[in-house]
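# Observations on chain architecture
If you want the building blocks of each chain, they are given just below.
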Amino acid sequence: MSNSIFIDTLQGIKRERPPVWFMRQAGRVLPSYLKLREKHSFKELMETPELAAEVTLLPVHDLGVDAAILFSDILIIPEALGMNLKFTEKGPIFDNPLREIKNQVSSLVADSSKLEHVYKALDIIKRDKPAETALIGFCGAPFTTFCYMVEGNSVNHSFSNAIKLLYNHPKVATEILEKITELSIEYATTQTKHGIDVFQLFESHAGLIPTEVYVERILPYVKRITAAVRKTNTPVIFFPKGIGAGISYINHEIADYAGIDWQYSLTDVRTMCDPKMGLQGNFDPRILAIDDQEILEKELEKFLDFGSKNHNWIFNTGHGLSPDNSVENVKFVVDWVKNAEWRRS
Ligand code: 1CP
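Residues numbered from 1 in each chain as written. Predicted model: local features only at pLDDT ≥ 70, side-chain atom pairs only at ≥ 80, totals over all residues. Heavy atoms only, no water.

### Observations regarding the packing of aromatic side chains
The test is simple: Put simply, two rings from Phe, Tyr or Trp (the six-membered ring, in Trp's case) pair if the centres are within 6.5 Å, and we call them stacked under 30 degrees between planes, edge-to-face over 60, tilted for the rest. A run of H or I in DSSP counts as a helix once it spans at least four residues, and a run of E counts as a strand once it spans at least two, with each numbered from the N terminus. The cut-offs for exposure are 20% and 50% of the maximum accessible area for each residue type, with area from a 1.4 Å probe on protein chains only; residues under the lower value are buried, those over the upper are exposed, and the others partly exposed.
Summed over all chains, the structure comprises 17 aromatic pairs. Arranged with centres 6.2 Å apart and planes meeting at 50°, the rings of Tyr 119 and Tyr 187 form a pair that is tilted. Taken together, the residues span a long stretch of sequence, with Tyr 119 in helix α7 (residues 116-128) and Tyr 187 in helix α10 (residues 170-193) at a distance of 68 residues. Tyr 187 shares its class with Tyr 119; the two are buried. A ring pair is formed by Tyr 148 and Phe 159, whose centres lie 5.1 Å apart and whose planes are at 75°; its orientation type is edge-to-face. Taken as a pair, Tyr 148 in helix α8 (residues 142-151) and Phe 159 in the loop between α8 and α9 (160-168) lie far apart in primary sequence, eleven residues in all. On the basis of relative accessible area, Phe 159 is assigned to the buried category, the value being 0%. Grouping aromatic residues by their ring pairs yields a cluster made of Phe 283, Phe 303, Phe 306, Trp 313, Phe 315, Trp 336 and Trp 342.

### What about unusual backbone geometry?
Geometrically, the link from Gly 281 to Asn 282 is a cis peptide bond, its omega value of -15° lying close to zero. Turning to its location among the elements, Asn 282 is positioned in strand β8 (residues 278-283). Although it is not a glycine, Arg 24 adopts a positive phi angle of roughly 55°. A relative accessible area of 33% places Arg 24 in the partly exposed class. A positive phi is found at Asn 233, a non-glycine position, where the angle reads about 65°. Secondary-structure assignment places Asn 233 in the loop between α11 (211-230) and β6 (236-240).

### A look at the side chain of Asn 282
What counts is decided by this rule: Whenever two N or O atoms come within 3.5 Å, that pair is a polar contact, provided that in protein one can donate a hydrogen and the other can accept it, and provided that, for residues adjacent in sequence, both atoms are side-chain atoms. Contacts are assigned to residue pairs that have any heavy atoms within 4.5 Å of one another.
Looking at Asn 282, the relative accessible area reads 6%, which means it is buried. A polar contact is formed between the side chain of Asn 282 and the backbone oxygen of Asp 261, at a distance of 3.0 Å. Each residue touching Asn 282, except ones within four places of it in the same chain, is listed here: Ile 260, Asp 261, Trp 262, Tyr 264, Ser 265, Leu 266, Phe 303, Asn 316, Thr 317 and Gly 318.

### A word on the site of the ligand
To keep things clear, this is the line we draw: For this description, a residue counts as near a given molecule or strand if any of its non-hydrogen atoms is within 4 Å of it. Only the protein chains shown count as cover for residues, and all accessible areas are computed by the Shrake-Rupley method using a 1.4 Å probe. Residue classes follow a fixed rule: Ala, Val, Leu, Ile, Met, Phe, Trp, Tyr, Cys and Pro count as nonpolar, while Asp, Glu, Lys and Arg count as charged, and any other residue, Gly among them, counts as polar.
Taken together, 23 residues sit near the ligand, with Ala 26, Asp 73, Tyr 148, Ser 204 and His 319 positioned nearest. Within the contact set of the ligand, an oxygen atom lies 2.9 Å away from a side-chain nitrogen or oxygen of Arg 24. The separation between an oxygen atom of the ligand and a polar main-chain atom of Gly 27 is 3.2 Å. Alone, the ligand offers 870 Å² of accessible surface; in the complex the protein occludes 87% of this. When the residues that make up the shell around the ligand are grouped by side-chain class, the tally is twelve nonpolar, seven polar and four charged.

### Brief notes about the environment of Phe 71
Within the secondary structure, Phe 71 sits in the loop between β1 (67-69) and α5 (76-80). Sequence separation between Phe 71 and Thr 211 is 140 residues, and the spatial gap between their C-alpha atoms is 31 Å. With residues near it in sequence (within four places) discarded, Phe 71 still touches Ala 26, Gly 27, Tyr 33, Phe 42, Leu 45, Met 46, Ala 52, Val 55 and Thr 56.

### Structural notes on the sheet that holds strand β4 (residues 134-140)
This is how it is decided: DSSP bridges decide pairing: two strands pair if at least two such bridges lie between them. Angles run from 0 to 180 degrees between N-to-C directions of axes, and those axes are lines fitted to C-alpha atoms, restricted for helices to the stretch in contact.
Read from one edge of the open sheet, seven strands run β1-β4-β5-β6-β7-β8-β9, paired in parallel fashion. Taken across any chain shown, the strands that pair with only one partner, and hence form the sheet edges, are β1 and β9 (313-317). Sheet twist, expressed as the average angle between the axes of neighbouring strands with direction ignored, equals 25°. With two bridges connecting them, β6 and strand β7 (residues 257-260) associate as parallel partners.

Here's what the structure looks like:
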């Protein structure tokens, strides 16, 4: 047993409670983050190693979570492939999305120096973080990254141009997915050299295409990235949001843990997927916007039975926190997970 409940759980060591952290735990609800945002743009926070490290550790100090996730964004991979990215009120926007396919695909050339600031931030986080806090590195999975690169924004949440390209020009789609995958492997494995304890691959848009298409055309790229990271002895959490019953295809060959959204109960998911794979999730983050903590507590209590029987489980939300979640509720959840009677034998 170590001093990190998060790392022990990932290594299969039984602990008295599940570890707890949240997707988007730094950059959405924390007053300390919002204060920093008054002085700095999101890009400035992300690209200045000292500031990115500071933001990464805010939820550890302010919420008491068991893990810190690097403060960055999945879209820095397209940026390092030469695409021009802006973060606006309406979300991320690319100047030249890959709609006029032919010439633009050949213009995607990896420039690894654009990722250097992340490695510097990791070194600072590693130096400053409490010993018991696990450090999570991440990148976007190839399909989700592809969706933003082709669509160019997140206003159209059906990503219809990206899906059209996938069917209409399969060769071009393959070329783009290859370029994303190659750079993601370099990026992820370099993060492992800078001391991350675990790596999460975010496939936030897995649910946009039929499972068979996902399994046949996308999963091989996912496997290449997760295999490269696991070769460094770093455990991998794969989050295929919206995959539904397709979770049965996500086995221990692909990842150590699967992140689960709120669609199914964890008990059902447990029977649907590889018993060797751990699970992470799946509290509905929208419940964190309600006013009554008694209702919140009742929803949390629904996890007690699963958590008493399943030791390979990390408590998290089924998707990221959003600005309307109250910080008091988020803190309430952390304290609840830490103090609940888990009755683990
Ligand atoms: O705590 C944290 O905030 C962690 C750092 C983090 C992570 C892990 C950010 C900061 N982004 C991400 C991942 C990310 N980014 C994903 C995968 C996870 C998920 O599905 O939530 C995706 C799809 C993105 C793309 C992105 N970047 C969006 C989503 C747009 C959409 O499709 O709805 C947005 C709004 C951004 C900008 C962004 N990234 C992160 C922050 C804090 C922000 C907001 C910037 C700001 O205006 O303050």
